[in-house]
Amino acid sequence: AHATEKPIREILVALGGPGGIDDAVMKVLEQRGDGHGLHLGLMRVKLPGGLHHSCVALNDLLQFHDKGYLYPIMEDNRFL
């Protein structure tokens, strides 16, 4: 992972349905990200999976966290 002045300290996972997160809800999340608890703002990540396989994709995400991979992956994603 990249060394940064402001490393990612916390990850908040917001789940949407098959159509994603509603625009109104996304706007609230974006506003809350500006200095109100989310110190680096939002990073949108779309999980693969579709209607019937989203649980598998979410499981992969949570396993990355359990294995200690999620923070380095998210740090690397910031610089892509």
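All of these numbers come straight from a predicted model, not from anything done at the bench. (Residues numbered from 1 in each chain as written. Predicted model: local features only at pLDDT ≥ 70, side-chain atom pairs only at ≥ 80, totals over all residues. Heavy atoms only, no water.)

**What to know about the overall build of the protein**
Helices and strands together make up the secondary structure of the protein, namely 3 helices and 0 strands. At a minimum sequence separation of 6, the contacts of the protein that also span at least 24 residues come to 68%. Of the roughly 6,500 Å² of accessible surface on the protein, 56% is carried by carbon and sulfur atoms. (Helix = DSSP H or I, 4+ residues; strand = E, 2+ residues; numbered from the N terminus. Contact = heavy atoms within 4.5 Å. Areas by Shrake-Rupley, 256 points an atom, 1.4 Å probe, with all protein chains shown as cover.)

**With respect to the packing of aromatic side chains**
Across all of its chains, the model carries 1 aromatic pair by this definition. Each ring, one from Phe64 and one from Tyr69, has its centre 6.4 Å from the other, and the planes form 55°; the classification is tilted. (Phe/Tyr/Trp six-rings, centres within 6.5 Å; stacked < 30°, edge-to-face > 60°.)

**So, a nonpolar patch on the surface**
The grouping of Met43, Val45 and Leu47 at the surface amounts to a nonpolar patch, some 220 Å² of accessible area in total. Examined against the element boundaries, Met43 turns out to sit in the loop between helix H1 (23-32) and helix H2 (50-66). Met43 gets classed as partly exposed once you look at its relative accessible area, which sits at 31%. (Patch = residues over 30% accessible without salt bridge, like charges linked within 9 Å, V, L, I, M, F, W, Y side chains within 5 Å. Salt bridge = Lys/Arg side-chain N within 4 Å of Asp/Glu carboxyl O. Buried < 20%, exposed > 50% of the residue type's maximum accessible area, 1.4 Å probe, protein only.)

**Re the environment of Glu30**
Looking at the element boundaries, Glu30 is found in helix H1. For Glu30, a relative accessible area of 35% puts it in the partly exposed group. Counting along the chain gives 11 residues from Glu30 to Gly41, while the straight-line C-alpha distance between them is 7.1 Å. For Glu30, the contacting residues outside a window of four places in its chain are Leu42 and Arg44.

**Concerning the environment of Arg78**
By the element assignment, Arg78 lies in helix H3 (residues 70-78). By relative accessible area, Arg78 is classed as partly exposed at 29%. Taking the C-alpha atoms as reference, Arg78 lies 9.6 Å from Ile8; in sequence the two are 70 residues apart. Among the polar contacts made by the side chain of Arg78, one reaches the side chain of Glu75 at a distance of 2.8 Å. (Polar contact = N/O pair within 3.5 Å; in protein donor to acceptor, adjacent residues only side chain to side chain.)

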